[in-house]
Amino acid sequence: MEKIEVKTNNNLTLCPKFAKTFEILGRKWNGMIIEVLLNNGVSRFKDLATAVSTCSDRVLVERLKELEEEGIVERRTYDNSSLIQYALTERGDAMRDLMVAIHDWADNTYTTKA
């Protein structure tokens, strides 16, 4: 893991693991992809593309590769088949409570316009 150092106004240094986590979640579409896989389980690319419809296919491919490199998503292929599926790894599924907390925070923070 590359070393990420974030200094606060008090010259405190944030934990590099904390900074790396927010670097991953802060990338556009990553949170949505993780959320879809948490809710829908193993998914084909076309199903992910439909669920995250405003993300281009090119960017979706990039994000899935990044999440795979981070050990959050796994790409599943099958012998004698063109079927490709994506699933969360144990590391990715461990984000479930985090995503629930984000939902709770968002529900309590943002109000919808009538």
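Structure first, text after, so check above.
In this report, the structure presented in the accompanying data block is examined. (Residues numbered from 1 in each chain as written. Predicted model: local features only at pLDDT ≥ 70, side-chain atom pairs only at ≥ 80, totals over all residues. Heavy atoms only, no water.)

**A closer look at the pattern of salt bridges**
Here is the rule: Basic side-chain nitrogens of Lys or Arg form a salt bridge, by our definition, when they fall within 4 Å of a carboxyl oxygen of Asp or Glu. Numbering of helices and strands starts at the N terminus; helices are DSSP runs of H or I of at least 4 residues and strands are runs of E of at least 2. Summary of the burial criterion: residues with accessible area below 20% of their type's maximum are buried, those above 50% are exposed, and those between are partly exposed, where the area comes from a 1.4 Å probe applied to protein chains only.
Taken as a whole and judged by the stated rule, the model has 8 salt bridges. The partner of Arg27 in a salt bridge is Glu66, and the shortest N-O contact between them spans 3.5 Å. Taken together, the residues span a long stretch of sequence, with Arg27 in the loop between helix H1 (16–26) and helix H2 (30–40) and Glu66 in helix H4 (residues 57–69) at a distance of 39 residues. Residue classification places Arg27 among the partly exposed positions, given a relative accessible area of 35%. In this structure Glu66 comes out as partly exposed when scored by relative accessible area, which is 23%.

**A few points about the packing of aromatic side chains**
Test applied: Pairs were defined over the aromatic rings of Phe, Tyr and Trp, the Trp ring being its six-membered one, requiring ring centres within 6.5 Å. Orientation was assigned from the angle between planes: stacked under 30 degrees, edge-to-face over 60, tilted for the rest.
Overall, the coordinates contain 2 aromatic pairs when judged by the stated rule. Consider the rings of Phe18 and Phe22, whose centres lie 4.9 Å apart with planes at 45°: the pair is tilted. Here Phe22 and Phe18 lie together in helix H1, a separation of 4 residues that amounts to about one turn. Given the relative accessible area of 44%, Phe18 is considered partly exposed.

**Some words on the nonpolar core**
Put simply, the rule reads: Buried residues of nine kinds, namely Ala, Val, Leu, Ile, Met, Phe, Trp, Tyr and Cys, make up a nonpolar core once their side-chain atoms join them within 4.5 Å. We call two residues contacting when some pair of their heavy atoms lies within 4.5 Å.
Ranked by size, the top nonpolar core spans 22 residues in total, and within it Ile34, Ile72 and Val73 carry the most contacts. Breaking this core down by element, the ones donating at least two residues are H1, H2, helix H3 (45–51), H4 and strand S5 (84–88). Of the residues forming this core, the biggest block, 5 residues, is contributed by H2. What Val73 contacts, discounting residues up to four positions off in sequence, is Leu37, Leu64, Leu67, Glu68, Tyr86, Ala87, Leu88 and Thr89.

This is a description of form; function is not addressed.
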